[in-house]
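Observations on the three-dimensional arrangement
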Amino acid sequence: IHGFLTVDGEKMSKSKGTFVSAQTYLNHLDPSYLRYYYAAKLSSRIDDLDLSLDEFIAKVNTDLVGKVVNLASRSAKFLANTGLAAAYPDDGGLFADAAAAGDEIAEAYESCDYSRAMRIIMGLADRANPFVEDNKPWELRKDESQAGRLQDVCTVAINLFRQLIIYLAPVLPDLAAKTGELLGNPIENWDQSKQPLVGTSINK
């Protein structure tokens, strides 16, 4: 972040109040949100970027909260007593497909086409979330006979979440660090996205 952020595409003006200083932003908001917003906008071309506050709020809430973090928030708590399953369950190919996308995402990062990387990652999130919605772990937890299935569903959800976080780590290193703490398995390299995490406990 440099010295100012232009707001809603208006010409920067102190009298109109159409700019926010970087320090003011940092005093009140997590820089990770802005990093993601700009990553979703940046391509390998040279373009001017403006900060639309409405779009900024919607982008963070829809993508980071609604699509990514929601995977963990709707599943991690149900693994508090059991931990992840000892073997990775059948997920219809979701993990394998996301692992295969890693090379394309890495190439997009390397070519500074960050918006394409974010689109691919959010496309994976769009595929992961219906798995949780269809299997409804919050309903499975009410039936003790479904304990094994509950653990399997949540193991899949947490692993798909972890893959997304690995892919987002260059943009959101703090979230990657927190995810490593949650899973007791630090995110340290790209190839971790190719191997599911199983048989371990989940921290609070």
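Please refer to the structure placed before this passage.
Keep in mind it's a predicted model, so treat the numbers as computed, not measured.

Details of the packing of helix α6 (residues 114–135) against helix α8 (residues 147–168)
α8 packs onto α6 with a crossing angle of 170 degrees between their chain directions and a minimal axis gap of 10 Å. Taken as axis vectors, α6 and α8 run roughly antiparallel relative to one another. Side by side, α6 and α8 meet where M118, I121, M122, L124, A125, A128, F131, V132 and N135 of the first sit next to R149, V153, V156, A157, L160, L164, Y167 and L168 of the second. Here the residues of the contact of α6 with α8 are counted per class, giving 15 nonpolar, 1 polar and 1 charged.

Brief notes about the nonpolar core
Core analysis: the largest hydrophobic core is formed by 58 residues, its most contacted members being I105, M118 and I121. For this core, the elements supplying multiple residues, two or more each, are α2 (31–39), α3 (53–73), α4 (94–100), α5 (102–110), α6, α8 and α9 (173–183). Of all the elements, α8 adds the most residues to this core, at 13 residues. Once you skip the residues sitting within four places of it in the chain, I105 turns out to touch A117, I120, I121, L124, Y167 and W190.

What about the packing of aromatic side chains?
Evaluated as defined, the whole model comprises 6 aromatic pairs. The interplanar angle of 85 degrees and the centroid separation of 6.0 Å between the aromatic rings of Y109 and W190 together place this pair among those described as edge-to-face. Separated by 81 residues along the polypeptide, Y109 in helix α5 and W190 in the segment after α9 bring together distant segments of the chain. Residue W190 is classed as partly exposed on the basis of its relative accessible area of 23%. Note on Y167 and W190: the rings are 5.1 Å apart at their centroids and 50 degrees apart in plane angle, and the pair reads as tilted. With a gap of 23 residues between them, Y167 in helix α8 and W190 in the segment after α9 connect regions that are remote in the sequence. Y167 gets classed as buried once you look at its relative accessible area, which sits at 0%. Through a chain of ring-to-ring contacts, the aromatic side chains of Y109, Y114, Y167 and W190 assemble into a single cluster.

Comments concerning the packing of α2 against α3
At a minimum axis distance of 10 Å, the contact between α2 and α3 shows a crossing angle of 95 degrees. Of the possible angle classes, the one that applies to α2 and α3 is roughly perpendicular. Within the contact between the two elements, α2 uses Y33, L34, Y36 and Y37 and α3 uses E55, F56, K59, V60, D63 and L64. In the contact of α2 with α3, the residues fall into 7 nonpolar, no polar and 3 charged.

Description of the environment of Y33
When you line up the elements, Y33 lands in helix α2. Residue classification places Y33 among the partly exposed residues on the basis of a relative accessible area of 33%. Distance from Y33 to K59, taken between C-alpha atoms, is 9.0 Å for residues 26 residues apart in sequence. Setting aside anything within four residues of it in sequence, one finds Y33 in contact with Y25, F56 and V60.

Examining empty space enclosed by the protein
Under the criterion given, the structure shown has 1 cavity of 30 Å³ or more. Each pocket or cavity is described by its volume, and for the largest cavity that value is around 80 Å³. Surrounding the largest cavity, L94, D97, A98, L124, A125, R127, A128, L160, Q163 and L164 form its lining. Elements represented by at least two residues in the lining of the largest cavity include exactly α4, α6 and α8. Take the lining of the largest cavity: its biggest share by element is 4 residues, from α6. Across the lining of the largest cavity, the residue classes break down as 7 nonpolar, 1 polar and 2 charged.

Parameters at a glance
Residues numbered from 1 in each chain as written. Predicted model: local features only at pLDDT ≥ 70, side-chain atom pairs only at ≥ 80, totals over all residues. Heavy atoms only, no water. Axes fitted to C-alpha atoms, helices over the stretch in contact; angles between N-to-C directions. Helix = DSSP H or I, 4+ residues; strand = E, 2+ residues; numbered from the N terminus. Parallel < 35°, antiparallel > 145°, perpendicular 65-115°, else oblique. Contact = heavy atoms within 4.5 Å. Nonpolar A, V, L, I, M, F, W, Y, C, P; charged D, E, K, R; others polar. Core = buried A, V, L, I, M, F, W, Y, C linked by side-chain atoms within 4.5 Å. Buried < 20%, exposed > 50% of the residue type's maximum accessible area, 1.4 Å probe, protein only. Phe/Tyr/Trp six-rings, centres within 6.5 Å; stacked < 30°, edge-to-face > 60°. 1 Å grid on protein atoms, 1.4 Å probe; cavity = no way out; pocket = protein on both sides within 12 Å on 5 of 7 lines; lining within 4 Å. Points joined across faces, edges and corners; volume = space filled by probe spheres on them.

Function cannot be inferred from these measures alone, as they are strictly geometric.
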